[in-house]
Amino acid sequence: MKTIGQILKMAKDEASPIVSELIDYIKQQGEMIQGLRDEIAQLKGQKPKPKIKPSNLDEDQQKKKENPKPEKTRVKKEGVRLFYNMS
């Protein structure tokens, strides 16, 4: 099932100017509704919904596929050995 964001992005790519305006209007309404919900929460003494940045996970994975780095090999270091005389 596609999310609303995916549908809006797909629609915007294939849209006529009128459809593009309607999509922008829908986004503005969504922002206004969220602002009103935050205001209601504040009046009730609750915290508003936090603004969380979208994940960059997909972009990071694409960058890794494009620029694979050579694997690093681990070198085992010799530690200092101490000998105790227990006599």
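Draft legend 1. Spatial organisation of the overall build of the chain. Secondary structure summary: the chain contains three helices and zero strands in total. Secondary structure elements of the chain, listed N to C terminal, follow the sequence α-α-α. When each of the 87 residues of the chain is scored for burial, the buried share is 6%. About 9,800 Å² of surface is accessible on the chain, with carbon and sulfur atoms providing 57% of the total.

Draft legend 2. Up close: helix H2 (residues 17–43). The terminal C-alpha atoms of H2, which comprises 27 residues, lie 39 Å apart, in line with the 39 Å expected from a rise of 1.5 Å per residue. Of all the positions in H2, only Ser20, Ile23, Asp38 and Ala41 are classed as buried. With its phi angle positive at about 90°, Gly45 sits one or two positions after the end of H2.

Draft legend 3. A look at the layout of surface pockets. Quantified by volume, the largest pocket comes out at close to 250 Å³. If you go around the largest pocket, the residues you meet are Gly30, Glu31, Gln34, Arg37, Asp38, Lys49, Pro50 and Lys51.

Draft legend 4. Summary view of the side chain of Asp38. Mapped onto the secondary structure, Asp38 falls in helix H2. Discounting chain neighbours no more than four positions away, the residues touching Asp38 are Pro48 and Lys49.

Draft legend 5. Focus on the confidence of the model for the chain. When pLDDT is averaged along the chain, the result is 76; 59% of the residues meet or exceed 70. Least confident of the elements in the chain is helix H1 (residues 4–13), whose mean pLDDT is 66; most confident is H2, at 88.

Cut-off values and rules
In every chain, residue numbers begin from 1 and rise along the written sequence. A pLDDT threshold of at least 70 governs which residues receive local features in this predicted model, and a stricter bar of 80 or more applies before side-chain atom pairs are shown or counted, although totals over entire chains, interfaces and linings include all residues. The basis for the side-chain values is all heavy atoms of the structure; hydrogens and waters are excluded. Each helix corresponds to a stretch of at least 4 residues labelled H or I by DSSP, and each strand to a stretch of at least 2 residues labelled E; elements are numbered beginning at the N terminus. Burial classes follow relative accessibility: with a 1.4 Å probe on protein chains only, a residue under 20% of its type's maximum area counts as buried, one over 50% as exposed, and anything between as partly exposed. Surface accessibility in these figures is a Shrake-Rupley result with a 1.4 Å probe; residues are shielded only by whichever protein chains are displayed. Take the number of residues in a helix, subtract one, and multiply by 1.5 Å to get its expected span. Cavity means a closed set of points on a 1 Å grid over the protein atoms alone, one where a 1.4 Å probe fits but cannot get out, pocket means an open set with protein on both sides within 12 Å along at least 5 of 7 lines, and lining means a residue has an atom within 4 Å of a point. Grid points are joined across faces, edges and corners, and a volume is the space filled by probe spheres set on the points. Contacts are assigned to residue pairs with any non-hydrogen atoms lying within 4.5 Å of each other. Across the chain, each position has a pLDDT score giving the predictor's confidence in that residue, from 0 to 100.

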